[in-house]
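In case you want the letters, here they are:
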Protein chains: 2
Amino acid sequence: MTSPTASPATAPRTLARCRALVRPALYRAVRRLHPWHGEIAAFSLGWDGVDGGDVPGAQGKGVRQALAVLGAEAVGAEARSAVPGAVAVELVHTFSLLHDDIMDGDETRRRRATAWKAYGTGPAVLAGDALFAQAVRTLAEAPGGHCVPAVRLLAGTLTDLVHGQADDLLFESRPWTGPDAVQPHEYRLMAEHKTGALLGCAAGLGALLGGAGRTEADALATAGRHFGVAFQAADDVLGIWGDPAVTGKPVHGDLGRGKKTYPVLAALAAGGPAATELGALLRGGPLDEGAVRRAAGLVEEAGGRAAATSEAHRHLERARACLESVPLAPAALEEMLTLLPYVVERTV
Amino acid sequence: MTSPTASPATAPRTLARCRALVRPALYRAVRRLHPWHGEIAAFSLGWDGVDGGDVPGAQGKGVRQALAVLGAEAVGAEARSAVPGAVAVELVHTFSLLHDDIMDGDETRRRRATAWKAYGTGPAVLAGDALFAQAVRTLAEAPGGHCVPAVRLLAGTLTDLVHGQADDLLFESRPWTGPDAVQPHEYRLMAEHKTGALLGCAAGLGALLGGAGRTEADALATAGRHFGVAFQAADDVLGIWGDPAVTGKPVHGDLGRGKKTYPVLAALAAGGPAATELGALLRGGPLDEGAVRRAAGLVEEAGGRAAATSEAHRHLERARACLESVPLAPAALEEMLTLLPYVVERTV
């Protein structure tokens, strides 16, 4: 069922294998929605163009569904036992992108219009709600008698998710410097909630639906959370120094938008002349192109980029330690240990 | 535990008793939210003024929580076993008001600003999501071993709810007359989803958490759905002919806003000279004050008001028949049979 040897080429193969396994059930879940919501969901998932048109967009990597499948395999269960969990986390992920884009006012995602730009705010809110409901329903109706702990894990995750998004939004109105400035540890907690919780939930759900005991499921869920924090730190590096040809976003984009991300917060917290100059620059308000370039240089000089990279590596290590703390099926463990750094490393 | 005799005065007493029973747990559920969402929820529930200020608003009647409590008592269980279900349906109701007000562009509710007007669209979307998540969590963590069917009922209800809201929004862009006009039976199905599903869920959750078998729980849930359709028809009558001093809304408000409601759709479907004149008037676009008055008269003349009132009574009767089709505890049954017409009759 799983490849006996793990090589660098295994991660894309793992993602493709899991996507192929989950896709029919995900498709059915989307087709069960109100046709209007099914269309918006298919657009958001990159399956269709706007208004159901035949112009698919870029699709996500499917890391969450892969973690769910590997979670089940890691506890010795059949991959297919994880499918309701994999579908639920992909639906929740799509829901959160739909609603977050509204809150953040983002007009493009994966090189095309966001759902609220294409369909309007009201329809995008409602389609998000429909995906949310369908996620809970998919899991609640999962066969096999493990649905109580699974639904509890998902429900707690949903709470974490909105908690993280709230903190992220509130960070926007906090100052860059001074006693009320956002500290790196606050940012880490936000990232754990906003990004880590659902990745941890994915792995944990796979384990629970595969019949795992509490210890294994907890270890997998905690590993997924650390992976999420690592991923967020790496993504933050990408948001400043990523290649626009790869990211589809402007260079230094997060700095230009005044977004409080880990590299910047770590640079400001580090102190020293570069941090002081950076703080003064950011406090001055919207930055023009030259100021954005200068700010990016100062973040790097103050050690913010290195801090974010090391944050990513540290949490990847913790994820690995969690996975190695419990007995897991070797092939699935190896695939997971290949997948996690692959997803993080391609960005830092 | 319940009053031995049911008199017209029993309905307000039932509502007050159930509210008092559920309030501490509902309060705890709201306090478990992110403080920002807790504040928006307390505002939406009418507990606090905007920004947590000391100016409470009008609170809902609490019909959903009462149905949950009576659902448990009706199957011979203690009232308190229903509390997680009662909390869940009140949280879902608050979530749906928050999001629906955004989609409908409504700026006031219960004589004050809606949450999105007071806090902004993004925060209102997110606070709604938080309430939704907390509802699922409350039910998933309910003690007593009945949480699987309860979570399944809630999940199916959430799907119905967004389905009904989608249809209601889509009705707006359909014509008043001709082959694509919204038919009364389509409106009834929308109302069953949008209003009936959650009221049915409330009664059904109470029964399930009280340990009821499938037959009793289904009968209670179906009764609640019929009650919801009756309530919606009565509310539609109120939306046109209600006293502004009581409703807090302008007289003929729904007609002025061009809202497709049961009395109007029934009037148009009835045919005859009044229906023809009404159709021509409505097709003409936004109505001035005189035209709105004329339209209200034509709806009445074409039998739309009488049709809505009889729709309300018919579904109340069906609710009663459902409740009487299974053996239920007499005191709770009597309270329910007093509560349902009380809530509907005060409006038609």
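No experiment lies behind these values; they were computed from the predicted model shown. (Residues numbered from 1 in each chain as written. Chains lettered and ligands numbered in written order. Predicted model: local features only at pLDDT ≥ 70, side-chain atom pairs only at ≥ 80, totals over all residues.)

Further remarks concern the relation of the copies chain B and chain A. At an RMSD of 0.0 Å, chain B and chain A line up after a rotation of 180° and a shift of 0.0 Å along the axis. Taken together, these values place the two copies in the relation of a two-fold axis. When C-alpha positions in chain B are compared against the rotation axis, the closest is assigned to Val148(B), at 3.2 Å. Comparing contact sets, 100% of the residues at the interface of chain B also lie at the interface in chain A, consistent with an isologous, same-surface contact. (Least-squares fit on C-alpha atoms with pLDDT ≥ 70 in both. Contact = placed C-beta atoms within 7 Å.)

On to the interface of chain B and chain A. With 33 residues of chain B at the interface, the matching set in chain A holds 33 residues. Only helix 2 (35-44), helix 4 (83-104), helix 6 (121-140) and helix 7 (147-172) of chain B provide two or more residues apiece to the side of chain B that touches chain A. At 14 residues, helix 7 of chain B tops the list of elements feeding residues into the side of chain B that touches chain A. Residues belonging to the side of chain B that touches chain A are distributed by class as follows: 19 nonpolar, 10 polar and 4 charged. (Helix = DSSP H or I, 4+ residues; strand = E, 2+ residues; numbered from the N terminus. Nonpolar A, V, L, I, M, F, W, Y, C, P; charged D, E, K, R; others polar.)

So, on to the packing of helix 1 (residues 10-31) of chain B against helix 16 (residues 330-345) of chain B. Residues and elements named next belong to chain B. Two elements in contact, helix 1 and helix 16, have axes whose closest approach is 8 Å; the angle formed by their N-to-C orientations is 105°. Viewed along their axes, helix 1 and helix 16 adopt a mutual orientation that is roughly perpendicular. Of the residues in helix 16, those touching helix 1 at Thr-10, Ala-11 and Thr-14 are Glu-335, Thr-338, Leu-339 and Tyr-342. A breakdown of the residues in the contact of helix 1 with helix 16 according to their chemical character gives 3 nonpolar, 3 polar and 1 charged. (Axes fitted to C-alpha atoms, helices over the stretch in contact; angles between N-to-C directions. Parallel < 35°, antiparallel > 145°, perpendicular 65-115°, else oblique.)

Residue and element names in this part refer to chain A. Those residues of helix 13 (residues 273-283) lying buried are Ala-275, Leu-278, Gly-279 and Leu-282. Down the axis of helix 13, the buried set is contained in an arc of 100°. They therefore lie on one face. Relative to its buried face, helix 13 has exposed residues pointing more than 90 degrees away, namely Pro-273 and Ala-280. Buried-residue contacts for helix 13 involve helix 12 (262-270) and helix 14 (289-301). Positive phi shows up at Gly-285, right after helix 13, with a value of about 100°. (Buried ≥ 20, exposed ≤ 12 C-beta atoms within 10 Å, placed from the backbone. Arc of directions from axis to C-beta.)

On to the packing of helix 6 (residues 121-140) of chain A against helix 4 of chain B. Two measures define how a pair of helices packs: the angle their axes make with one another and the distance between the axes. At a minimum axis distance of 8 Å, the contact between helix 6 of chain A and helix 4 of chain B shows a crossing angle of 150°. The pairing of helix 6 of chain A with helix 4 of chain B is recorded here as roughly antiparallel in orientation. Note that helix 6 of chain A runs across helix 4 of chain B; the crossing there is left-handed. Only His99(B), Ile102(B) and Met103(B) of helix 4 of chain B make contact with helix 6 of chain A, whose side of the interface consists of Gly122(A), Val125(A), Leu126(A) and Asp129(A). (Left-handed = near helix turned anticlockwise from the far one by under 90°.)

As a further point, take the nonpolar core. Formed by 244 residues in total, the largest nonpolar core has its most connected members in Leu154(A), Leu205(A), Leu154(B) and Leu205(B). Dropping the residues within four chain positions of it, Leu154(A) is found in contact with Ala88(A), Val136(A), Leu139(A), Cys201(A) and Leu205(A). (Core = buried A, V, L, I, M, F, W, Y, C linked by C-beta atoms within 7 Å.)

Residue and element names in this part refer to chain A. Looking at chain A as a whole, its pLDDT mean stands at 92, while 97% of the residues score no less than 70. Mean pLDDT in chain A bottoms out at helix 10 (residues 244-247), which sits at 77, and peaks at helix 3 (residues 63-74), which reaches 98. Scored as a complex, the prediction yields pTM 0.93 and ipTM 0.92. (pLDDT = per-residue confidence, 0-100.)

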